[in-house]
Amino acid sequence: MTPRPSSSGPDPKKTAAKQAAEKKTTGKQAAAKKAPSKKTAKTTEGAGTAKAGVKKTATTKSAAKKSAAKKAVAHKAVTKTAVTKTAVAAKATAKKPSARKSAAKKPAARKVTAPAAEIAVSPSLDAGDRARLLAGTHHDPHSVLGAHRVPGGVAFRALRPYAREVTVLSGDLRVELHDDGDGFFSGLLPLREVPLHRLRVAYEETVQEVEDPYRFLPTLGELDLHLIGEGRHEQLWQALGAHPMTHDGVAGTRFTVWAPNARGVRVAGGFNFWDGTGHPMRSLGATGVWELFLPGVGAGELYKFEITRADGSRTFRADPLARATEVPPATSSVVHASDYTWGDEEWLARRADAPAHEAPMSVYEVHLASWRPGLTYRELAEQLPAYVADLGFTHVELMPVAEHPFGGSWGYQVTGFYAPTARLGDPDDFKYLVDRLHQAGIGVLMDWVPAHFPRDDWALAEFDGRPLYEHSDPLRAAHPDWGTLEFDFGRREVRNFLVANAVYWCEEFHIDGLRVDAVASMLYLDYSREPGQWTPNARGGRENLDAVAFLQEMNATVYRRVPGVVTVAEESTAWDGVTRATHHKGPSGFGGLGFGLKWNMGWMHDSLQYMSHEPVHRRYHHGEMTFSMVYAYSENYVLPISHDEVVHGKRSLVSKMPGDWWQQRANERAYLAFMWAHPGKQLLFMGQEFAQGAEWSEAHGPDWWLLDPEYGAAADHRGVRDLVRDLNTVYRTTPALWRLDTHPSGFAWVVGDAAEDNVLAFLRLDADGTPLLAVSNFAPVVRADYRLGVPDDVPAWHEVLNTDAARYGGGDVGNPDPVKPEPQGWHGRPASVRLTLPPLATVWLRPA
């Protein structure tokens with residue numbers, strides 16, 4: 001289970017206690033409240049330390065020792081202006097002052113000396129409104145705060161905790177509001193219309209001139225709200241979250257969050273000293289969306305949502321759609337505005353030229369944080385593309401980069417679904433890495449985790465006080481294996497959150513494909529559950545119909561919106577139609593899930609099991625290497641040797657192999673060439689390309705020192721890496737190895753039953769019939785003059801790859817000269833060749 005680091009921001013319990021004490025202060029006592037210094041706006045990682053530290057600073061001795069002269073100047077700046085009805089009416093049409101001008105640079109206010117000596121006290125705030133605002137449970141603060149026409153003029157109300165004085169500014173007019181206590185300030189001006197105005201807020205140590213956030217209309221339109229309510233907003237990230245913008249000519253940030261069960265929501269951050277009292281949000285109706293535009297708040301600000309639950313308790317939550325976060329273990333969201341300029345137009349223009357299953361694809365799986373520990377996104381961009389391009393891989397697959405609190409989860413327990421992890425840089429830095437990979441001709445796949453999320457109490461779990469993103473049924477919500485919560489795929493807003501998230505990574509970050517994690521755990525109601533721990537679906541079956549509908553919608557939406565991308569399912573069962581089109585129903589009655597590719601977990605388990613046996617025993621397990629061809633064309637497959645196979649006591653790939661060090665390396669080389677020739681795309685986890693002997697650990701990454709020329713066995717490891725480079729080179733230039741990966745006409749056995757010899761031989765064929773002959777000898781002996789049946793229309797065969805070559809660390813046994821067929825039929829074919837098969841090796845031959 002993911003650890004729960006303390007949230008940045010205030011402690012709800014402390015906040016409630018302090019507010020209760022502060023309610024006793026009214027009148028002149030409230031006017032004398034001391035404000036925190038700007039220097040204390042910086043937050044700490046502790047949940048309660050930020051706000052407490054601010055208030056403590058507000059009452060320090062240093063504040064009390066400010067000179068009388070300095071105070072006099074501050075008081076003079078906000079001296080009450082006498083106002084007559086005539087003077088006020090004349091000023092009501094004054095131009096709005098610039099939001100950028102500081103209070104110190106404002107021209108002196110023109111005092112009006114008409115008979116009226118004081119501003120009228122505004123109609124008192126309804127006791128219920130006042131109580132709800134203080135308790136954080138008001139659904140429409142804009143209806144009472146700000147400026148409103150009332151009998152007798154325009155009432156101004158502001159809620160500014162800790163302020164000494166609040167003054168309304170409109171053109172040359174400056175009017176100090178009455179201090180009503182508890183942070184409320186109000187006044188009634190005899191105006192005909194509501195003027196454009198700003199607020200001058202005086203604290204003990206500082207004076208701020210700000211726009212009044214409660215004078216602005218909502219920033220979300222009816223179409224956005226309609227689509228959110230319908231669960232069909234395909235660019236949800238543009239409507240929800242924190243967005244720097246200019247609204248009604250004023251620069252600021254729009255905050256929006258979906259919290260339908262909340263009694264009230266407020267924004268807290270460094271801009272209000274982590275006290276959201278003065279910034280309650282308004283509910284935008286039945287959609288459950290809350291909104292507030294905060295002028296003057298820009299990119300880089302930290303924030304959270306202070307949510308009042310149904311029972312009146314409060315919780316501080318990170319933004320589910322935050323596009324940036326603090327570096328873990330800190331947990332605040334960060335206002336982000338991207339200014340990145342992409343340079344991968346050429347890559348995107350040709351990305352959709354061929355579907356993934358008909359194009360070459362060999363994937364290098366990378367855990368970014370440990371590939372070269374300590375490197376940032378931008379530093380990785382200087383090394384990773386060059387390394388991957390040199391080895392000839394067509395794609396990288398990045399283990400989850402979405403924000404996660406616990407590094408040991410490898411990113412598979414996500415709390416920030418819309419934010420690349422801040423451990424390595426900001427979102428634009430991640431874009432730079434993707435861009436550089438594209439410019440190097442390398443596609444970028446990303447692991448995506450829509451199956452579950454951790455229970456951290458500052459993230460999605462019971463987000464607004466009740467099950468929201470998770471299922472309301474505890475048996476459906478709790479994931480039995482990982483201590484996490486499963487998404488409620490049947491709720492349209494939750495489904496929208498996830499579908500839009502898939503689109504977000506592809507559109508905003510130019511990701512070329514999503515490898516969807518743990519699909520099987522989503523598809524079955526009884527996944528890892530015993531009888532009595534699950535309830536059948538409406539059809540009486542064990543299929544999760546909501547998850548099926550979600551996956552179909554996600555795939556259909558991504559493929560429609562972003563041509564050229566591919567979705568890949570990590571699905572470990574025999575679910576029918578994972579890569580079938582969603583509108584084509586199979587024998588089970590379900591339409592296909594709509595994925596482009598599926599991990600072939602069966603091939604992986606069977607082939608690794610075969611390779612782990614001593615060669616003398618392999619004859620009894622021969623079917624483990626041939627069974628995959630029984631179902632090879634049931635789906636569009638990827639052959640994965642992923643991170644999951646080289647951790648937790650499973651040993652690294654080379655360490656799974658039997659025999660001494662020479663035999664282990666020979667076995668790995670033979671296996672990799674067999675894998676590259678087998679129908680399906682290839683995926684290899686970092687470190688396996690140079691035969692790392694130790695298991696991978698996220699704490700230190702691959703053992704790069706094995707390649708150091710000063711290390712005595714470096715040549716052994718470099719030899720395996722050289723083989724991987726040559727495998728990719730021949731693979732990419734040989735269409736027979738990939739063009740018909742998903743069609744039976746692209747494969748033909750030569751001999752698949754030579755169990756006694758530990759030999760496997762087959763042909764891969766291009767669309768025009770051009771063949772490649774792949775032969776594997778998984779016995780530790782040389783087999784000379786080994787006869788294999790071949791087509792009679794190839795005049796000679798040339799060995800293009802031999803895993804026993806000396807440059808790879810082998811014994812250099814092979815077929816250096818072209819091999820001509822003999823007219824003797826063999827293996828049901830009209831001609832045959834006699835080959836020398838190296839021990840524990842695979843050879844590839846093409847027409848000479």
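Analysis parameters
- Residues numbered from 1 in each chain as written.
- Predicted model: local features only at pLDDT ≥ 70, side-chain atom pairs only at ≥ 80, totals over all residues.
- Heavy atoms only, no water.
- Helix = DSSP H or I, 4+ residues; strand = E, 2+ residues; numbered from the N terminus.
- Buried < 20%, exposed > 50% of the residue type's maximum accessible area, 1.4 Å probe, protein only.
- Contact = heavy atoms within 4.5 Å.
- Areas by Shrake-Rupley, 256 points an atom, 1.4 Å probe, with all protein chains shown as cover.
- Pairing = 2+ DSSP bridges.
- Phe/Tyr/Trp six-rings, centres within 6.5 Å; stacked < 30°, edge-to-face > 60°.
- Lys NZ or Arg CZ within 6 Å of the ring centre and 35° of its normal.
- Axes fitted to C-alpha atoms, helices over the stretch in contact; angles between N-to-C directions.
- Parallel < 35°, antiparallel > 145°, perpendicular 65-115°, else oblique.
- Nonpolar A, V, L, I, M, F, W, Y, C, P; charged D, E, K, R; others polar.
- Salt bridge = Lys/Arg side-chain N within 4 Å of Asp/Glu carboxyl O.
- Core = buried A, V, L, I, M, F, W, Y, C linked by side-chain atoms within 4.5 Å.
- Polar contact = N/O pair within 3.5 Å; in protein donor to acceptor, adjacent residues only side chain to side chain.

Engineer: Which parts of the structure should I look at to understand the overall build of the protein chain?
Structural biologist: When helices and strands are tallied, the protein chain shows 20 helices and 35 strands. Buried positions account for 59% of the 848 residues belonging to the protein chain. Put simply, 74% of the contacts in the protein chain that link residues at least 6 apart link residues at least 24 apart. When the accessible surface of the protein chain is summed, it comes to about 31900 Å², and 52% of that surface belongs to carbon and sulfur atoms.

Engineer: Before we go on, may I ask you to explain the pairing of strand S15 (residues 314–317) in this structure?
Structural biologist: Sheet faces and side chains relate simply in a regular strand, where the side chains alternate between the two faces. Of the two faces of S15, the one lined by Arg 314 and Phe 316 and the one lined by Thr 315 and Arg 317 are each fully buried. Bridge count between strand S14 (residues 302–308) and S15: four bridges; the pairing is antiparallel. Counted as the bridge partner of Ile 307 is Thr 315 from S15.

Engineer: What am I meant to see in unusual backbone geometry here?
Structural biologist: Most peptide bonds adopt trans geometry, and most residues besides glycine take a negative phi value. A cis amide bond links Pro 328 to the next residue, Pro 329, at an omega of 10 degrees. With respect to the helices and strands, Pro 329 occurs in the loop between S15 and strand S16 (333–334). Of note, Trp 274 is a non-glycine position whose phi angle comes to about 60 degrees, a positive value. With respect to the secondary-structure elements, Trp 274 resides in the loop between strand S11 (264–269) and strand S12 (282–283). Judged by its relative accessible area of 0%, Trp 274 is buried. Even without glycine at this site, His 510 takes up a positive phi of about 60 degrees. For His 510, a relative accessible area of 12% corresponds to the buried category.

Engineer: Mind showing me how you'd approach the packing of aromatic side chains here?
Structural biologist: When we look at a pair of aromatic rings, we describe it by the centre distance and by the angle of the planes. In this structure the tally under the stated criterion is 46 aromatic pairs. The ring of Trp 371 carries Arg 372 above its face, with NZ or CZ at 5.2 Å from the centroid. The ring of Trp 826 has Arg 787 lying over it, and the distance from NZ or CZ to the ring centre is 5.6 Å.

Engineer: What is the right way to read the packing of helix H19 (residues 661–677) against helix H20 (residues 714–732) from this model?
Structural biologist: The geometry of H19 relative to H20 is characterised by a closest axis approach of 11 Å and an angle of 10 degrees between their N-to-C directions. It follows that H19 is roughly parallel to H20 by the angle criterion. Residues Trp 661, Arg 665, Glu 668, Arg 669, Leu 672, Ala 673 and Trp 676 of H19 form the contact with H20, whose participating residues are Asp 716, His 717, Val 720, Leu 723, Val 724, Leu 727, Asn 728 and Tyr 731. Class assignment of the residues belonging to the contact of H19 with H20 gives a composition of nine nonpolar, two polar and four charged.

Engineer: Explain the pattern of salt bridges to me, please; I cannot follow it from the model alone.
Structural biologist: One side chain can pair with another of opposite charge once the charged atoms of both are near each other. Within the structure shown, the criterion is met by 41 salt bridges. Of the charged contacts, one joins Asp 129 and Arg 132 as a salt bridge, the two residues approaching to 2.7 Å between their closest N and O atoms. Taken together, the positions of Asp 129 and Arg 132, both in helix H7 (residues 127–135) and three residues apart, correspond to about one turn of that helix. The partly exposed category is assigned to Arg 132, whose relative accessible area is 34%. The partner of Glu 209 in a salt bridge is Arg 198, with the nearest N and O atoms 2.4 Å apart. In this pair, Glu 209 sits in strand S8 (residues 207–211) while Arg 198 sits in strand S7 (residues 198–202), placing the two residues 11 residues apart along the sequence. Since its relative accessible area comes to 12%, Glu 209 is described here as buried. Judged by relative accessible area, Arg 198 falls into the buried class, the value being 1%.

Engineer: Help me understand the sheet that holds strand S9 (residues 241–247), please; the structure alone is not making it clear to me.
Structural biologist: Either a parallel or an antiparallel arrangement is found when strands of a sheet pair, and the pairing is made through backbone hydrogen bonds. Pairing in this open sheet of four strands is antiparallel, and the strands run S9-S10-S13-S12 from one edge to the other. Either end of the sheet is taken by a strand with one partner, and the two such strands are S9 and S12. Taken together, the seven bridges between strand S10 (residues 250–258) and strand S13 (residues 289–295) define a ladder with antiparallel strand orientation. In the strand pairing of S13, Arg 254 is matched with Phe 293.

Engineer: Sorry, what's going on with the sheet that holds S8 here?
Structural biologist: What the four strands build is an open sheet, ordered S4-S3-S7-S8; its pairing is antiparallel. Each edge of the open sheet is held by one strand with a lone partner, namely strand S4 (173–176) and S8. Across the sheet, the mean angle separating the axes of adjacent strands is 25 degrees when strand polarity is ignored. Here strand S3 (residues 165–170) pairs with S4 via four bridges, running antiparallel. Pairing of Leu 169 across the sheet is with Arg 174, part of S4.

Engineer: I'm lost on the nonpolar core in this one. Help?
Structural biologist: Generally speaking, nonpolar side chains in soluble globular proteins are found buried as a group. Of all hydrophobic cores here, the largest spans 176 residues; its most connected members are Phe 255, Leu 368, Phe 430, Trp 505 and Trp 844. The biggest single contributor to this core is helix H14 (residues 492–508), with 10 residues. Formed by 22 residues, the second largest nonpolar core is a distinct cluster that contains Val 751, Ala 761, Leu 837 and Leu 845.

Engineer: Sorry if this is basic, but what is going on with the pairing of S7 here?
Structural biologist: Most of S7 sits out of view: five of its five residues are buried. Burial along S7 is two-sided: the face carrying Arg 198, Arg 200 and Ala 202 and the face carrying Leu 199 and Val 201 are both buried. By the bridge criterion, five bridges tie S3 to S7 in an arrangement that is antiparallel. Paired with Thr 167 across the strands is Arg 200, a residue of S7. Sheet analysis places S7 next to S8, joined by five bridges and oriented antiparallel. Its bridge partner lying in S8, Ala 202 is registered against Val 207.

Engineer: Explanation requested: the packing of helix H8 (residues 222–230) against H14 in the structure shown.
Structural biologist: Each pair of packed helices gets described by two things: the angle between the helix axes and the distance between those axes. Between H8 and H14, the shortest axis-to-axis distance is 7 Å and the interhelical angle comes to 110 degrees. Here H8 lies roughly perpendicular to H14, going by the angle between them. Here Leu 227, Ile 228, Gly 229 and Glu 230 of H8 come into contact with H14, specifically with Arg 492, Glu 493 and Asn 496. Partitioned by chemical class, the residues of the contact of H8 with H14 number two nonpolar, two polar and three charged.

Engineer: I would appreciate a short explanation of the side chain of Thr 219 in the present structure.
Structural biologist: Here Thr 219 is to be found in the loop between S8 and H8. Polar contacts involving the side chain of Thr 219 include one to the side chain of Glu 291, which spans 2.9 Å.

Engineer: Which parts of the structure should I look at to understand the environment of Ala 500?
Structural biologist: Within the secondary structure, Ala 500 is located in helix H14. The class of Ala 500 is buried, set by a relative accessible area of 0%. Separated by 57 residues in the primary sequence, Ala 500 and Thr 557 have C-alpha atoms spaced 8.8 Å apart.

Note that every value here comes from positions in space, so none of it alone points to a role or purpose.
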